[in-house]
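What follows is the residue order along each chain.
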Amino acid sequence: MTTQGWPPAEPVSFGFTVHHKQDIPKPQHAISSYVSTTLESQTQLRMALQETEEEFDLDSESLGEADKEYDDILELNQFDGLPYSSRFYKLLEERKELPAWTVRNEFMDVLAKEQFVWMSGCARSGRSSQIPQWCAEFCLSRQYTNGMVVCTQIHAQQAVDLALRVADEMDVNIGHEVGYSIPMETCYANDTVLRYCTDDVLLREMMSDPLLEHYAVVVVDQAHQRTVCTDVLLGLLKDICLQRPELRVVVLTATDPAPKQLAQFTSTAVTHIRLQNQEVGEVVHSSAQEGYFCSALRLVLEIHRSEAEGDVLVFLVTTQEINLAHEILSHEAVSLPSVLGELLPVAAHPGAPGSLQDCTERPRARRRVFLTSSPNEDFFWAAYSVRFVIDAGLERRFVYNPRIRTNSILIQPISAGQATSRQQLAGPTGKCFSLYPEERQLPAETRPLIVEANITSTVLFLKRMEIAGLGHCDFIDRPDPSSLMQALEELDYLAALDNHGNLSEVGIIMSELPLEPQLAKTLLASCEFDCVSEVVIIAAMVTAPSCFLVPTKDLKPEAAQSHMKFQHPEGDHFTLINIYKAFTQSQHDPYCSVEKWCLENYLDHSALLMVEALCSELMDTLKRIELPVSLPAFGSRNNTISVKRALLAGFFMQVARDVDGCGNYLILTHKHVAQIHPASCYGPKSPKLGLPEWVLFHEHSFSEDNCLRTVTQIKPHEFIEMAPQYFFYNLPSSESKDLLQQILNRSLCPEEKAAVTPSNHQEEHTHDRCVIQ
C-alpha cells in the first residue's frame, strides 16, 4: 500500500471522524464465526452478537436508537466482509435524506445499460459522495472484472475530504477499500475499490495506462468548472470509450450541461439525470453605490450585531481582498461587545490545503466568517452551519496573452449557475445578499479555461499521449489558435520536439517530470552541469505555494527584515535555496521548534513541507529514469555559474535588460518594459545590492503590478551561450539585441561570422539547438 504523506500533518478539514474497525480489537474467533460460518437462525445471530458485546463489556443501555433498530440483524459489509458498525446505520439514515437518493434506482439502471451518464445537482445534493459509492457497488456486482472506480476533483483538499467522508459512510478503512491520490500525497492500496484524485493526477496516470484499464467506472466531478485538465480528460475519454466499450463514464456538474457538452461523447443523446436541489432561501439584491468590498464587511458586522444564528460565507474576488478582509475583521472583532460572542474570520483560499477547519460543527458562542473566492463553491458542501452568504457577484480570471507570454487579469461577472450555487449554500432558511442589481444579466455558463490559459504543458502531455496511441483529443471548446501555435513554438525552442513535430527524447523525459516545461528543461540541464540538488530545490520552491507569509501592515517591516537575512547576492533563485536549507537545518536541530522557527521568520510551514515532499518526488523521478544526480555543492563559484546556466537552458525566453540604469527592464521577447518586484533582493527594499543590467526572471505579473518576480542576475555572454541561435535571431530588433550581436561577433572567428549573417540565418540555423539537448 502506498502511504506517502499519511497521516496528514493538519487536522481533517471538515472535522469528520472516521471510525476504523481495527480501532476496537474484536476477538478473532468471533469475527471468523461471522464470516465463515452460516448460522441456522436469527436467534443464533443474536446470541453471537450478544456474546461479542459481552466480551467487550458493552452497555446495552448506551445504544442509540439506530443501534436498537438494527440490533436484531447482523449484516456483513460487502466490501470487507466484516459486520457493519452502528455508525454505518446512523450515517445511512442521513444519506437517505440527500436528494441524490431519490434517483438511486434510476442511476443504477442507466449505469448498467449505457456507457455515459450525466448528472447535475448542487454541492449538497450528495452527488460527490453518493454517486461514486453506487459505482463501487456496480463494480462489485460484476466482481471487479473490468476494474475499480476513480472519481476526479479539482482541488486536492476536496479529494481528501471526500475520501475520508465516503470511507466513514461505507464503514471501511481509509487507505484500503477507499483511498485518495493528490500531488505529492497518496493513500491507497492495490485493491482499493474507490479512489478520489485530482484530475491532473489521473492525466499523469494515463501516460503509463493510456486506456485506464485499471478502472471500470470513471467519475468526472465538477465538470461545470471547465478547467483545462477536466476538458482534456473528457476529450480523451471519448477516444478511450471507443476502444473500451465496457468502460462507464459518469460526469457530475452543479448546473445543467450545455447541449454541446451532452453531444460530446456520442451521436445519440446521453442520459441526463437531474438531482432535486434544495430550496433557496431569501435572496436580497443590492444596488448600493459603494464598492462590494466595503458593503460585504459592513454586512458581516451588521449580521453579527443582530445576534442571528449561523456562520457567514463571503465570496470576494482576489487573494489580496481575502487577506485584507481577514485583517480588518480581526481588528474589528476585538472592539465588539463580548455579549455578542466571538467573531472569527477564516481565510479559505481556493486550492489552499488545510484552509478550512471543522466546518460541520459550529463552536458555541462563536460566529465564523469564511472569506473565499471563485471557484470555491463546492468546497463548502458540508458547511451546514452557514446561514448567511454574501456574494460580490464577480470573479477573477487569468487570461493568457501569447504575444507577451504572460497572464492578464480580468474581473468579470460570475455565471448564472455560480450565482445559484452560492445562493443554495445559505440553505432553505438562510439568507443570501447578492451585492449586484437583480436585473444584471449574468453569463449563462462558465467560460472554459482551455481558451484562456497557457496550454504549453497541455500540448506537451497530448504529444506524449500520441506516443501511447491516443492521437486525437476531441475538445468541447477548441483552444485559441494563437495560444496553440505559441505552445508549439515554445516546445520547439526547448528542444522538446523533433524536426517532424513529434516529441524528441528530451521532450519525452520532460513529460515525465511534474513540472512546467521550462522548469523541466532546467532540471534536465542541471544533470549535465552537476547542480541537480540546487535546481531541484529551486523547481520545488517556485512550484509549491509561496513560502512567504503575508503579515499585517504593522508587522511588514519586521517581516521584511527577517526575509532579508536569507538574501543571496546572486539573486532570488539562490535566496530560495538559502531559505530551504535553513528550514531543513531547523528540522535537524533537536532544540529548535520548526513551526516556531517558521513563524519567527514569517515563513509558511505547510508550504515548506510541500516543497520538501516535491523535492523528494523529483529526486525519485530522476533516479527512476536513470539520470545522473550530483552531490550538493551550493556556495562554490562553479556551482553558482552552473545553476545560472541550467536556469538559462529553460528560461532563456524570460530575459530582460535595464535600458536606462533606473530599473526599467526591457523584456527581449516582446519589448515590454517592467520593473523588479519590491520584495526581490534587487528591489528598492534591499539597497545593499545594486540593480543588475541583465536579469533572468521566473514570472512577469503584468496586470497586477507590472513587476518581474524571482529575479537572478546573468551575464549577456551566458545568455548567448545557452539560447538557441534561431531563437536569438527571431527576437525583435532592439538596442539590447544589437549589444548581444556585438558580443556574439567578438566571440566568433571570421569563418563563423560569415555563417551567422542575418541574410542567411533562416536557412543555416533553422535546426540549431541549445547546447543542452
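Quick look at the overall build of the protein chain now. Regarding its fold elements, the protein chain presents 28 helices and 21 strands. Out of the 773 residues in the protein chain, the part that is buried amounts to 54%. Split by element, the accessible area of the protein chain, about 34,200 Å² in all, is 52% carbon and sulfur.

One can find glutamine 261 in helix α10 (residues 259-262). You can call glutamine 261 buried: its relative accessible area is 8%. In contact with glutamine 261, other than residues within four places in its own chain, are Trp118, Ala223, Arg226 and Ile476.

We now examine the sheet that holds strand β5 (residues 194-198). Read from one edge of the open sheet, eight strands run β4-β3-β5-β2-β6-β7-β1-β8, paired in mixed fashion. Both edges of this open sheet fall to β4 (185-187) and β8 (271-274), since each of them pairs with a single strand only. Neighbour-to-neighbour, the strand axes of this sheet turn through a mean angle of 20°, independent of strand direction. Pairing between strand β1 (residues 116-120) and strand β7 (residues 248-253): five bridges, direction parallel. Residue pairing in the sheet places methionine 119 in a bridge with leucine 252 of β7. Those strands touched by helix α7 (residues 156-170) are β2 (148-153), β3 (178-182) and β5, and its axis lies near 175° from that of β3.

Turning our eyes to something else, we now look at helix α23 (residues 637-651). When the terminal C-alpha atoms of α23 are compared, their 21 Å separation across 15 residues agrees well with the 21 Å that a helix rising 1.5 Å per residue should span. Here α23 lies mainly inside the structure; eleven of its 15 residues are buried. For α23, the complete set of buried residues consists of Asn639, Thr640, Ser642, Val643, Lys644, Ala646, Leu647, Leu648, Ala649, Gly650 and Phe651.

Right, let's talk about the packing of aromatic side chains for a bit. One pair of aromatic rings is described through two measures. These are the centre distance and the angle between the planes. The full count for this structure, using the stated rule, is twelve aromatic pairs. Between tyrosine 493 and phenylalanine 727, the ring centres sit 5.0 Å apart and the planes meet at 75°, which makes this aromatic pair edge-to-face. Remark: phenylalanine 727 occurs in helix α25 (residues 725-730) and tyrosine 493 occurs in helix α15 (residues 481-493); sequence separation between them is 234 residues. Assessed through its relative accessible area of 3%, phenylalanine 727 is described here as buried. Residues phenylalanine 728 and tyrosine 729 carry aromatic rings whose centres are separated by 5.3 Å and whose planes lie at 70° to one another, so their mutual orientation is edge-to-face. Assessed through its relative accessible area of 9%, tyrosine 729 is described here as buried. One aromatic cluster is present, formed by Tyr493, Phe652, Tyr726 and Phe727 through successive ring pairs. Positioned above the aromatic ring of tyrosine 188, the side-chain terminus of arginine 195 is 4.9 Å from the ring centre.

Within the secondary structure, isoleucine 625 sits in the loop between α22 (605-624) and α23. Isoleucine 625 gets classed as partly exposed once you look at its relative accessible area, which sits at 25%. In sequence terms isoleucine 625 and isoleucine 509 are 116 residues apart; their C-alpha atoms lie 8.0 Å from each other.

To continue, consider the pairing of strand β16 (residues 431-434). The sheet contact formed by strand β9 (residues 282-285) and β16 spans four bridges and is parallel. The residue bridging valine 284 from the neighbouring strand is phenylalanine 433, located in β16.

Another point: the nonpolar core. Grouped together as the largest cluster of nonpolar side chains are 114 residues, with contacts concentrated most on Val218, Val232, Leu236, Leu237, Met541 and Phe719. Here the element with the most residues in this core is helix α18 (residues 532-543); it accounts for nine residues. Ignoring sequence-local partners within four residues, the contact set of leucine 237 consists of Leu212, Val218, Val220, Leu247 and Val249. Residues Phe79, Val103, Ala136 and Ile174 belong to the second largest nonpolar core, which totals 45 residues.

Below, the discussion takes up the pattern of salt bridges. Tallying each qualifying case throughout the model produces 30 salt bridges. For the salt bridge of arginine 226 with aspartate 477, the shortest nitrogen-to-oxygen distance reads 2.6 Å. Of this pair, arginine 226 sits in the loop between β6 (215-220) and α9 (228-243) while aspartate 477 sits in the loop between α14 (456-467) and α15, and the two are 251 residues apart along the sequence. Note on arginine 226: relative accessible area 2%, which makes it buried. Taken together, the salt bridges that share partners define one network made up of Glu94, Arg95, Arg165 and Glu169.

Among the five residues in strand β10 (residues 311-315), five count as buried, and that is most of the element. Side chains Asp311, Leu313 and Phe315 project from β10 onto one buried face, and the interleaved Val312 and Val314 project onto a second face that is buried too. With five bridges joining them, β10 and strand β13 (residues 386-391) adopt parallel strand pairing. Residue aspartate 311 lies in a different strand from β13, and its bridge partner there is valine 386. One ladder, built from four bridges, connects β10 with strand β12 (residues 366-372); its direction is parallel. Bridge pairing in β12 links valine 314 to leucine 371.

Attention shifts here to the sheet that holds β9. Spatially, six strands are ordered β9-β16-β13-β10-β12-β11 in an open sheet, and the strand pairing comes out parallel. Two strands close off the open sheet at either side, each with one partner strand: β9 and β11 (342-347). The mean angle between the axes of side-by-side strands here comes to 15°, regardless of whether they run parallel or antiparallel. Each of β10, β11, β12, β13 and β16 is contacted by helix α11 (residues 292-305), which is oriented at about 160° to β13, the strand it contacts most.

With that out of the way, let us pick up unusual backbone geometry. Note that the residue after serine 374, namely proline 375, is joined by a cis bond; omega there is 0°. Tracing the backbone through its elements, the reader meets proline 375 in the loop between β12 and β13. Look at aspartate 171: it is not a glycine, yet its phi comes out positive at around 60°. By the element assignment, aspartate 171 lies in the loop between α7 and β3. Phi is positive for tyrosine 602, which is not a glycine, with a value near 55°. By the element assignment, tyrosine 602 lies in the loop between α21 (594-600) and α22. For tyrosine 602, a relative accessible area of 12% corresponds to the buried category.

The rules we used
- Residues numbered from 1 in each chain as written.
- Predicted model: local features only at pLDDT ≥ 70, side-chain atom pairs only at ≥ 80, totals over all residues.
- Heavy atoms only, no water.
- Helix = DSSP H or I, 4+ residues; strand = E, 2+ residues; numbered from the N terminus.
- Buried < 20%, exposed > 50% of the residue type's maximum accessible area, 1.4 Å probe, protein only.
- Areas by Shrake-Rupley, 256 points an atom, 1.4 Å probe, with all protein chains shown as cover.
- Contact = heavy atoms within 4.5 Å.
- Pairing = 2+ DSSP bridges.
- Axes fitted to C-alpha atoms, helices over the stretch in contact; angles between N-to-C directions.
- Expected span 1.5 Å × (residues − 1).
- Phe/Tyr/Trp six-rings, centres within 6.5 Å; stacked < 30°, edge-to-face > 60°.
- Lys NZ or Arg CZ within 6 Å of the ring centre and 35° of its normal.
- Core = buried A, V, L, I, M, F, W, Y, C linked by side-chain atoms within 4.5 Å.
- Salt bridge = Lys/Arg side-chain N within 4 Å of Asp/Glu carboxyl O.

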